[in-house]
Amino acid sequence: MDMKNTVLDLLEEICQTDVVKENGDIELFEEGLLDSFGMVSLLMGIEERLGIRVGISEVDREQWSTPNKIIAILENWV
Amino acid sequence: MIPYSSFSFFMILGILFVPVVVLGYKEKRSIVYNSLVHAVILLLAFASDIHQLVSFIVYIVWQVILVNWYAAYRKEKNEAGVFYAVVFLALVPLLVTKLLPVWDVSNIVGFLGISYLTFKTVQMIIDMRDGALKTATLKEQLTFLLFSPTISSGPIDRFKRFQKDMETIPTREEYRLLLYKGINKIFLGFLYKFIIAYVINDRVIETPFIQAHTPLSTFIYMYAYSLYLFFDFAGYSAFAIGASYIMGVKTPENFNLPFMSRNIKDFWNRWHMSLSFWFRDYVYMRFVFWMMKKKWIQNRYTVSYIGYFLLFFLMGVWHGLELHYVAYGLYHAALMISYDYFERKNKQWKIWKKNKVTEVLSIIITFHVICFGFLIFSGRLF
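Cut-offs applied
Residues numbered from 1 in each chain as written. Chains lettered and ligands numbered in written order. Predicted model: local features only at pLDDT ≥ 70, side-chain atom pairs only at ≥ 80, totals over all residues. Helix = DSSP H or I, 4+ residues; strand = E, 2+ residues; numbered from the N terminus. Rg over C-alpha atoms; globule rule 2.2 N^0.38 Å. Contact = placed C-beta atoms within 7 Å. Domains from an automatic or database assignment. Nonpolar A, V, L, I, M, F, W, Y, C, P; charged D, E, K, R; others polar. Expected span 1.5 Å × (residues − 1). Buried ≥ 20, exposed ≤ 12 C-beta atoms within 10 Å, placed from the backbone.

### Structural notes on the overall build of chain B
1) Next: The number of helices and strands found in chain B is 15 helices and zero strands.
2) Next: Relative to the compact-globule value of 21 Å for 382 residues, chain B shows a C-alpha radius of gyration of 22 Å, a close match.
3) Next: Judged by the C-alpha coordinates and their principal axes, chain B covers about 60 × 55 × 50 Å.
4) Next: Taking contacts inside chain B between residues at least 6 apart in sequence as the whole, the part at least 24 apart equals 71%.

As structure tokens, this is what we get:
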């Protein structure tokens, strides 16, 4: 499965809504869909399903604010 | 001389800033001159007490050795045990400072701002462990640690954010705006700290009526002290942020209308933000991640609650090991856990619906709950 769908599935599970799939530009933190706990679950899922290790201190909330932004960051992850 | 506490300090600061402002308008920054500014402010802060000055220098040397040793080590290996040992060693000076008063030993290790500096060094070590911070030259480390506007009580900046400001020199127009905002903040600080906080302290808290420990006086004291604490600390923060701006550094905010919080979670996103975000990122999130990975506890909410407990317990202890600080931490841990539980259940039961009335009520309830927390914090109860 490709990166984009994996991330969207993860976000859908964590935020418990499919809005994240419909609107890729939704502000996850501002809309109250994602909090610190959700963020940790997301990083855990990314590590397990995509094999990408993202350290907690590498996450900048302003850069990780929407599904599209998160996907773009992960696609360019070195 | 405690920074931002006297008229003469502001006079000296004003004179020291003249060349900074002139260079700023020319789209320039002199590292040499800025270092001189920091040296003068640090000397003003510590030189009156030789113990403090020596402790400060020894502390900086100690932390720089640790950070550099760990940076070199991390390039080769990444053992958890070594990481914890280095974090512990970085915490030792702070632990000793907090423990000495408890043991009734006179404190010669501590100096003004040690607790805030420790946040800076520990975050660098943790970022290195994560791989988020690969290299930091000695010059970069010292510039970050010795940045004088925030030396005594924060706000706590992040290395990478700070580094970005160091690498970019604002354009004339950007600098003009920074300077304007900076001066504006410093004057807001005067209003908060030297007028409002001063008046609350002088006309309410220090009056014989409030000083007499009756239930009514304690009740009034609770609100007066809460407001005093806010205006005093928000005033200080405004000075520190304003002075940072003038030096071209956008030090993060500490307060965002905390008494307008709708619930306790909201409050911790508005009160002493640079501290609570630090604990959120470096204690709570890391703990939750670690626990989830180890899978010792299946229930994710239990993990989150232990995380909250740890965060607020440590935050309480960080203020000091006195009983009232520990109680303050535990009080907020209990509030966060109860609120989180309530918020979750409310999604099913829908007892507390979202509308204008409940919003106003939420703000009022939260305000009183917070003020009670500050009453515990003040140490007046026990």
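Next comes the rest of the account.
### Thoughts on the domain arrangement of chain B
Residues and elements named next belong to chain B.
1) Next: Domain parsing of chain B yields domain 1 (30-167) and domain 2 (258-378).
2) Next: One C-alpha centre belongs to domain 1, the other to domain 2; they are set 28 Å apart.
3) Next: Taken together, the contacts link ten residues of domain 1 with seven residues of domain 2.
4) Next: Breaking the side of domain 1 that touches domain 2 down by element, the ones donating at least two residues are α4 (80-102) and α5 (114-130).
5) Next: No other element matches the four residues that α5 contributes to the side of domain 1 that touches domain 2.
6) Next: By residue class, the composition of the side of domain 1 that touches domain 2 is six nonpolar, three polar and one charged.

### Observations regarding helix α13 (residues 300-319) of chain B
All names here are of chain B.
1) Next: With 20 residues, α13 extends 29 Å from end C-alpha to end C-alpha; this agrees with the ideal 28 Å at 1.5 Å per step.
2) Next: Every buried residue of α13 is listed here: V303, S304, G307, Y308, L311, F312, M315 and G316.
3) Next: Positioned one or two residues after α13, G320 has a phi angle of 155 degrees, which is positive.

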